Amino acid sequence: MSTATEAASEEIHPSDEAHDDHDHGLSDFGYIKVALLLAVLTAAEVLIYFFADMVGPLEVPLLLILMVVKFEIVVAYFMHLRFDNKLFTWMFVGGLVLAIAVYAAMGTSMLFWTDPAGCDLSPNLDC
């Protein structure tokens, strides 16, 4: 009976082999490189904000682009999305596109969706 128990304990399960072959992340040095890249991108965002008069109307688009790039890096490496199924990537990309679309629609509503006389489109008759 002990022979059967020992044989069963020595048997390698297929799920254990599959788990050992699947890599879930970077080395420690890889994470340090990603952190340094995020630090450089954050410094670029701060510089763009402080020198907004030099950048001019490109300030907001540049900050939004850097925001998306940093979001993608954090999600890909620190949340291990780069090493997971591509379905999860499409779910995150879909959420990001939806968030940017809602943000853009809300931003344009303040500028473009008003009455030419300067009043908003509410039923206020004082305008």
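Attention in this report is confined to the structure presented alongside it.

Helix 5 (residues 59-78) packs onto helix 3 (residues 28-50) with a crossing angle of 165 degrees between their chain directions and a minimal axis gap of 10 Å. On the basis of their axis angle, the class for helix 3 and helix 5 is roughly antiparallel. Crossing geometry of helix 3 relative to helix 5 is assigned as left-handed. Residues Tyr31, Val34, Leu37, Leu38, Leu41, Thr42, Ala44, Glu45, Ile48 and Tyr49 of helix 3 lie in contact with helix 5, whose contacting residues are Glu59, Leu62, Leu63, Leu66, Met67, Val69, Lys70, Ile73, Val74, Tyr77 and Phe78. Looking at side-chain class alone, the contact of helix 3 with helix 5 contains 17 nonpolar, 1 polar and 3 charged residues.

Further remarks concern the nonpolar core. Membership of the largest hydrophobic core is limited to 9 residues, which are Val34, Leu38, Leu41, Ile48, Leu66, Ile73, Ala76, Tyr77 and Phe83. Counting only elements with at least two residues in this core, the list comes to helix 3 and helix 5. Sequence-distant contacts of isoleucine 48, that is, excluding residues within four places in its chain, are made with Val55, Glu59, Leu62, Leu63 and Leu66.

Here we come to the packing of aromatic side chains. If you walk through the whole model with that rule in mind, you get 3 aromatic pairs. For the ring pair tyrosine 49 and phenylalanine 50, a centre distance of 5.6 Å and an interplane angle of 70 degrees mean the geometry is edge-to-face. Phenylalanine 50 shares its class with tyrosine 49; the two are exposed. Summarising the aromatic geometry, the rings of phenylalanine 71 and phenylalanine 92 are spaced 6.4 Å apart at their centres and angled 40 degrees between planes, so their arrangement reads as tilted. You can see phenylalanine 71 sitting in helix 5 and its partner phenylalanine 92 sitting in helix 6 (residues 86-112), a full 21 residues away along the chain.

Take unusual backbone geometry next. Its identity as a non-glycine residue notwithstanding, histidine 80 has a phi of 60 degrees, on the positive side. On the secondary structure map, histidine 80 appears in the loop between helix 5 and helix 6. The class of histidine 80 is partly exposed, set by a relative accessible area of 25%.

Parameters at a glance
- Residues numbered from 1 in each chain as written.
- Predicted model: local features only at pLDDT ≥ 70, side-chain atom pairs only at ≥ 80, totals over all residues.
- Heavy atoms only, no water.
- Axes fitted to C-alpha atoms, helices over the stretch in contact; angles between N-to-C directions.
- Helix = DSSP H or I, 4+ residues; strand = E, 2+ residues; numbered from the N terminus.
- Parallel < 35°, antiparallel > 145°, perpendicular 65-115°, else oblique.
- Left-handed = near helix turned anticlockwise from the far one by under 90°.
- Contact = heavy atoms within 4.5 Å.
- Nonpolar A, V, L, I, M, F, W, Y, C, P; charged D, E, K, R; others polar.
- Core = buried A, V, L, I, M, F, W, Y, C linked by side-chain atoms within 4.5 Å.
- Buried < 20%, exposed > 50% of the residue type's maximum accessible area, 1.4 Å probe, protein only.
- Phe/Tyr/Trp six-rings, centres within 6.5 Å; stacked < 30°, edge-to-face > 60°.

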